[in-house]
Amino acid sequence: MTTITLPGLVDVHVHTRDPGQTHKEDWDTATQAALAGGVTTILAMPNTKPPIFDESTLNLALDAARQKARCDYGQYVGAGPDNANILPVLADKTAGLKMYLDSTFGELRLDEMTLWMPHFINFPKSAPIVLHSESRTMAAGILFAAVYDRPVHIAHISLKEEVLLIKAAKERGIKVTCEVCPHHLFLTAPSPPTPLPQEEGRLEVRPRLATREDVDALWANMDVIDCFATDHAPHTVEEKDSDNPPPGFPGLETLLPLLLTAVSEKRLTIDDIIQKSVINPRKIFNLPEQPETWIEVDETAEYEIKAADQFTKCNWTPFEGWKVKGKVRKVVLRGQVAFEDGKVLAEQGYGRNVRG
């Protein structure tokens, strides 16, 4: 066994499903999964039920987190068509502002660019804005960053055209950062023969899985990518195997093993992981350092990923049966052993709000 010590990882893109859909996940199970994956801070997305888009819903989510979270956390607030004036006063309590420029519904749907403008104008420039934007809407989001001279962070890029545009924008001094998810680095869109119907549902994700050319472009431009983030988006097996499968994958427990496997294959370095999962997330999202916090990883451990071994409530993974190299053995969070040898030891409520 070869043990290495890393800082606790930060995942800036997690869906806890709490409140409203806790049959899929909640703050308790999501933070257990995080610790098992070596993640000591998560930032939670606002598209819950109800969505987090004002003071009362923000407090609803933070109250649940305060009671249940076993690792440290922050909560995004969501941009809606009519809440741009009330959100600035909440900025200090949030992980940042999430703007859905593509594919969402209800209170967080922004159908027109005129609805983006007041958010770019009013939300404090010192606070992060995160965009769910794909292809052309991503280009529009980068234009807004340039016009309003403020930073934006692009969630889950997946396409060659996206990473090349972000590279060009950075070269011109536009304040844009981005993240990539493991599933967009390690999985590709299915090609013929078509998968079985069950497999089709389990491959539903947004942004969709892309082509081999897109995946290769992400790897070739790894220096453009600022963060690794999971977009941990759990749904139950029954939901994924239904006639109308919702998009999303669990990912907190497979993030580090997949990245460490890439290190063993000389595709990444340990420094890449630290830079994109610790240093850059802290800098972009103004996160405090966690004192006396580290994870111990067995670099040489080889095993198969199995949903049955995971803590996420959804009980499946798109990486079922994948052979990986690198296993989290121990997690110490603020001086206390939070996870060791397959057991979560941190209690509910031990997690702290990064904006506390």
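This write-up is about the structure you can find in this document. For clarity, every value in this text was computed on a predicted model and none was experimentally measured.

**Describing the overall build of the protein chain**
In terms of regular secondary structure, the protein chain is built from eleven helices and 14 strands. At 19 Å, the protein chain has a C-alpha radius of gyration in line with the 21 Å of a compact globule built from 356 residues. Its C-alpha atoms give the protein chain principal-axis dimensions of roughly 55 × 45 × 45 Å. Counting only residues that meet the buried cut, the protein chain has 58% of its 356 residues in that class. Across the protein chain, the fraction of contacts at a sequence separation of at least 24, relative to all contacts at a separation of at least 6, is 76%. With an accessible surface of roughly 14700 Å², the protein chain has 50% of that area assigned to carbon and sulfur atoms. Looking at charge distribution, the protein chain has the averaged site of its 38 positive side-chain charges lying 2 Å from that of its 50 negative ones.

**A word on the nonpolar core**
Counting residues in hydrophobic clusters, the biggest one holds 91 residues, and the most contacted among them are I42, M99, I154, I157 and I166. A per-element tally of this core places helix 10 (residues 255–264) first, with seven residues. For M99, the residues in contact, after removing those within four places along its chain, are A79, L110, W116, H119, F120, I129, V130, L131 and H132. Grouped together as the second largest cluster of nonpolar side chains are 15 residues, F53, Y76, A229 and L287 included.

**A closer look at the environment of L256**
Note that L256 resides in helix 10. Each C-alpha atom, one on L256 and one on L287, is 20 Å from the other, the two residues being 31 residues apart in sequence. Excluding anything up to four places from it in sequence, L256 contacts L9, G37, I273, I295, V297 and V328.

**Observations concerning helix 4 (residues 136–147)**
Across its twelve residues, helix 4 extends 16 Å between first and last C-alpha, which sits within 8% of the 16 Å expected from 1.5 Å per residue. Looking at helix 4, one finds that the buried residues are T137, M138, A140, G141, I142, F144 and A145. Contacts from the buried residues of helix 4 go to helix 3 (113–122), strand 7 (129–132), strand 8 (152–154), helix 5 (160–171) and strand 9 (176–180). Following helix 4 by one or two positions, D149 adopts a phi angle in the positive range, close to 50°.

**Re the sheet that holds strand 4 (residues 72–75)**
Pairing within the open sheet is parallel, and its three strands lie in the order 2-3-4. A single partner strand is all that each edge strand has here, and the edge strands are strand 2 (9–14) and strand 4. Strand-to-strand twist of the sheet, defined as the mean angle between neighbouring strand axes without regard to direction, takes the value 20°. Pairing between strand 3 (residues 39–44) and strand 4: four bridges, direction parallel. Following the sheet pairing, L43 is matched in strand 4 by G74.

The rules behind these values
- Residues numbered from 1 in each chain as written.
- Predicted model: local features only at pLDDT ≥ 70, side-chain atom pairs only at ≥ 80, totals over all residues.
- Heavy atoms only, no water.
- Helix = DSSP H or I, 4+ residues; strand = E, 2+ residues; numbered from the N terminus.
- Rg over C-alpha atoms; globule rule 2.2 N^0.38 Å.
- Buried < 20%, exposed > 50% of the residue type's maximum accessible area, 1.4 Å probe, protein only.
- Contact = heavy atoms within 4.5 Å.
- Areas by Shrake-Rupley, 256 points an atom, 1.4 Å probe, with all protein chains shown as cover.
- Lys, Arg positive; Asp, Glu negative; His and termini not counted.
- Charge placed at Lys NZ, Arg CZ, Asp CG, Glu CD.
- Core = buried A, V, L, I, M, F, W, Y, C linked by side-chain atoms within 4.5 Å.
- Expected span 1.5 Å × (residues − 1).
- Pairing = 2+ DSSP bridges.
- Axes fitted to C-alpha atoms, helices over the stretch in contact; angles between N-to-C directions.

Such coordinate-based values are descriptive only and should not be taken to indicate function.
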